[in-house]
Amino acid sequence: MAFDKTTKLQGDDQAYTISDGIKKFSLRDVGFNESKNGSFTLLRSLDPTSPYSATVELKVMVNSDLSGFKMAAVAGNGLREVNIFKMDRKDAFLEQFHYIMENLAERDIIVPVEH
C-alpha cells in the first residue's frame, strides 16, 4: 500500500485527504508513534466491547514528510485487511471509526473529501 494524498477505507464511499495544516506535534498529541525512518503510525481498536484485545483495528500511517498517508481496517492480529462494512458488528465498528476520523479532522490531520 503506497502513501497517497487521498485515501479511503476498503468498502467506504467517504474518502479523506491529508490536511495541508498537518503538524508532527498534532500527530503525537492524538497517539501516533514515530518510527526510526520518521513515519508515523496510529493503531486504534474499532471494537468498543474490548479495546485491549481488539478483533478489528484501524491502522493509519503518515509518511515522514507529511505529504501522504494510508489507512486500513485490519484483523486483530494485524495480518490481513478486513472490510468492516460487511461485518456482522459493522454498526459498532463504524461508530468507533467515525469517532476516530472526526478527532483526526478536528486536529487538522485529515480532511473529509466532499462527494
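Residues numbered from 1 in each chain as written. Predicted model: local features only at pLDDT ≥ 70, side-chain atom pairs only at ≥ 80, totals over all residues. Heavy atoms only, no water.

Asker: Could you clarify how one ought to interpret the sheet that holds strand S5 (residues 56-62) in this entry?
Answerer: In a beta sheet, neighbouring strands are held together by backbone hydrogen bonds and run either parallel or antiparallel to one another. Here we have 4 strands laid out as an open sheet, ordered S3-S4-S5-S6, and antiparallel in their pairing. Since the sheet does not close on itself, it has two edges, and those belong to strand S3 (33-34) and strand S6 (69-75), each with one partner. Of the pairings in the sheet, the one linking S5 to S6 comprises 7 bridges and is antiparallel in character. Bridging from a neighbouring strand, Glu57 pairs with Val74 of S6. (Pairing = 2+ DSSP bridges. Helix = DSSP H or I, 4+ residues; strand = E, 2+ residues; numbered from the N terminus.)

Asker: Please clarify how the sheet that holds strand S2 (residues 16-18) should be interpreted in this entry.
Answerer: Judged by pairing direction, the sheet is antiparallel, and its 3 strands sit side by side in the order S1-S2-S7 without closing on themselves. Single-partner strands in this sheet number two, and they are strand S1 (6-7) and strand S7 (110-112). Pairing between S1 and S2: 2 bridges, direction antiparallel. Its bridge partner lying in S2, Thr7 is registered against Tyr16. The strands that helix H2 (residues 90-106) touches are S2 and S7; relative to S7, the one it contacts most, it runs at about 115°. (Contact = heavy atoms within 4.5 Å. Axes fitted to C-alpha atoms, helices over the stretch in contact; angles between N-to-C directions.)

Asker: Would you mind going over the nonpolar core with me for this structure?
Answerer: Across soluble globular proteins, you tend to see nonpolar side chains buried next to one another. Ranked by internal contacts, the top residues of the largest apolar core, which has 29 residues, are Phe32, Leu46, Val62, Ile84 and Leu104. Counting only elements with at least two residues in this core, the list comes to S2, strand S4 (40-45), S5, S6 and H2. Per-element tally for this core: the top contributor is H2, with 6 residues. (Core = buried A, V, L, I, M, F, W, Y, C linked by side-chain atoms within 4.5 Å. Buried < 20%, exposed > 50% of the residue type's maximum accessible area, 1.4 Å probe, protein only.)

Asker: Could you clarify how one ought to interpret the pattern of salt bridges in this entry?
Answerer: Note that side chains of opposite charge can pair when their charged atoms are close. Under the criterion given, the structure shown has 3 salt bridges. Put simply, Asp47 and Arg89 hold a salt bridge, and the shortest N to O gap is 2.6 Å. Of this pair, Asp47 sits in the loop between S4 and S5 while Arg89 sits in the loop between S6 and H2, and the two are 42 residues apart along the sequence. Of the residues examined, Asp47 reaches a relative accessible area of 4% and is grouped as buried. (Salt bridge = Lys/Arg side-chain N within 4 Å of Asp/Glu carboxyl O.)

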